[in-house]
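Observations on chain architecture
Chain by chain, the residues:
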Amino acid sequence: MKIISFNSYKGGACRTTTCYNTLPYLAKAMKATSDEPVIVYDIDLDSMGLTSIFHAKKLTGKEKMAYSAKHLFVDDENGINQAVNREGLDSVKENEKYFRHYEKVGNQLGLEDDGSVLFLGADKNASTVSDDDYLKFAESSPVQKLISNMKDMSPMPKAIIFDCASGVQMTTLVALQLSDCSVMCMRPTFQFRVGTSDYLLRKIPMEIGKRKTNKKREVILLPTSVAQVDVPEKDPNRDAAISVLNQLRDKAFFNIRRDIIFEYINESKSVDLGYILNTDMVEDREDPVVGIPEIERFKWEEGLLYTMENITEQEKLLKKRYEKLAGLLAR
């Protein structure tokens, strides 16, 4: 069972959209089924973007989730502890009550097996988790109990996915600490580039180091492209403007290699922490496209990629990038 987190040092890095659009390809690559599903958690308690995508109707009504992702970090007698203390967890299929508050979302992702991807959203009434909320559980936090119990299942789920909050909120730090692999999303602008470098090299190591973990983790650096759609279709200078955007993008990617990758590899602290930096999505000799290209109509209608029969060449390219990322995560 692989534990994966999607991260960004600040909001607006297409983290949730990337997580959502990678899920169906990841489930296929991992051969997920109802018996061995991929489990997805929205732990961005402030913005809960993934919850908005999967639970659009619930969020507009008065229904309150009885069991949400917040229970992964805070104790609740009617929440996660009631589940993790159950005995005889022999298989996912035989313990449907274990996942009784999870939603089957496989069909929403274009998968035939609706139960191959299970989702637990954030409570719209939840707030961020403080250090005191989480640290009172010492070495036996609810999320650690959950992961431990899932590892005891036979068969085990294929993967646990965390869609994290931005920055160094407690839920994100815990997910990073537990993850085997982290997808670090960013835009190729100066602010994102420098901020992500500082986030990778200083903020995360400092915060996670306080909790004394020796777990090795892979970090996949994932830039998201400058959008050509920022130039209006009827702009008489559109071709020239797009050319300038592409030049800026290429320069930004060069700086990513220089400022993040080079510094990261040569930073002694990164070696001590056992990080493995994966640059496959930044430097691809076989494909001129770097990172994830941005397409306008997928911004607010996530899922169109799996329901539309006819997609453009640009959208096929987008699909190819998500498939490549899923392949890296499924290894």
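Since we're looking at a predicted model, the values are computed, not measured.

A count of helices and strands for the chain gives 12 helices and 8 strands. Per-residue burial over the chain gives 53% buried out of 331 residues. A fraction of 79% describes how many contacts in the chain between residues 6 or more apart in sequence connect residues 24 or more apart.

Quick look at the nonpolar core now. General note: in soluble globular proteins, nonpolar side chains tend to be found buried as a group. The biggest cluster of nonpolar side chains holds 57 residues, and the ones touching the most others in it are I161 and L329. Once you skip the residues sitting within four places of it in the chain, I161 turns out to touch I4, F6, C19, L23, L26, V38, I39, V40 and Y41. Counting residues in hydrophobic clusters, the runner-up holds 29 residues, among them I3, I39, L118 and V129.

Next up on the list: the pattern of salt bridges. Counted under the stated rule, the structure contains 8 salt bridges. Across the pair R193 and D259 runs a salt bridge whose closest N-O atoms are separated by 3.3 Å. Taken as a pair, R193 in helix α8 (residues 190-209) and D259 in helix α9 (residues 238-266) lie far apart in primary sequence, 66 residues in all. With a shortest N-O distance of 2.4 Å, K203 and D198 are connected by a salt bridge. A single network of salt bridges, built from pairs that share partners, joins R15, D44 and D163.

Running from amino to carboxyl end, helix α1 (residues 15-29) crosses helix α12 (residues 313-330) at an angle of 65 degrees, the nearest separation of the two axes being 8 Å. When you trace α1 past α12, the crossing you get is right-handed. Where α1 approaches α12, its residues T17, T18, N21, T22, Y25, L26 and A29 are matched on the opposing element by K319, Y322, E323, L325, A326, L329 and A330. Looking at side-chain class alone, the contact of α1 with α12 contains 8 nonpolar, 4 polar and 2 charged residues.

Burial analysis of strand β7 (residues 217-223) places 7 of its 7 residues in the buried class, which makes it a mostly covered element. The alternating pattern of β7 places R217, V219, L221 and P223 on one face and E218, I220 and L222 on the opposite face, and all of these are buried. The pairing of strand β6 (residues 181-186) with β7 spans 6 bridges and is parallel. In the strand pairing of β7, M184 is matched with L221. Pairing analysis gives 4 bridges linking β7 to strand β8 (residues 275-278), with the strands arranged parallel. Counted as the bridge partner of R217 is Y275 from β8.

Let us now look at empty space enclosed by the protein. Considering all chains together, one arrives at 2 cavities of 30 Å³ or more under this definition. Considering only enclosed or pocket space, the second largest cavity measures out at about 30 Å³ in volume. As for the second largest cavity, its lining consists of L176, S182, L200, I204, R217, V219 and Y275. Secondary structure elements with two or more residues in the lining of the second largest cavity: α8 and β7. Taken together, the residues of the lining of the second largest cavity sort by class into 5 nonpolar, 1 polar and 1 charged.

Rules of the game
The numbers attached to residues start from 1 for each chain and follow its sequence in the written order. In keeping with the predicted nature of the model, local features appear solely for residues at pLDDT of at least 70, side-chain atom pairs appear and are counted solely at 80 or more, and the whole-chain, interface and lining totals rest on all residues. Only hydrogens and water are set aside; all other atoms, that is, all heavy atoms of the structure, feed into the side-chain values. Per the convention used, a helix needs a DSSP run of H or I reaching at least four residues, while a strand needs a run of E reaching at least two, with both numbered from the N terminus. Only protein chains enter the accessibility calculation, which uses a 1.4 Å probe; a residue whose area is less than 20% of its type maximum is buried, one above 50% is exposed, and one in between is partly exposed. Contact definition: two residues touch when any of their heavy atoms are within 4.5 Å. Only buried Ala, Val, Leu, Ile, Met, Phe, Trp, Tyr and Cys residues count toward a nonpolar core, and they belong to the same one when joined by side-chain atoms within 4.5 Å. A pair is scored as a salt bridge if a Lys or Arg side-chain nitrogen falls within 4 Å of a carboxyl oxygen belonging to Asp or Glu. Helix axes use the C-alpha atoms of the stretch in contact, all axes being lines fitted to C-alpha atoms, and the angles between their N-to-C directions lie in the range 0 to 180 degrees. Note on convention: the crossing is left-handed when the near helix lies turned anticlockwise from the far helix by less than a right angle, right-handed when the turn is clockwise. Gly is placed with the polar residues, together with every amino acid not listed as nonpolar (Ala, Val, Leu, Ile, Met, Phe, Trp, Tyr, Cys and Pro) or charged (Asp, Glu, Lys and Arg). At least two DSSP bridges between two strands are required for those strands to pair. Cavity means a closed set of points on a 1 Å grid over the protein atoms alone, one where a 1.4 Å probe fits but cannot get out, pocket means an open set with protein on both sides within 12 Å along at least 5 of 7 lines, and lining means a residue has an atom within 4 Å of a point. Grid points are joined across faces, edges and corners, and a volume is the space filled by probe spheres set on the points.

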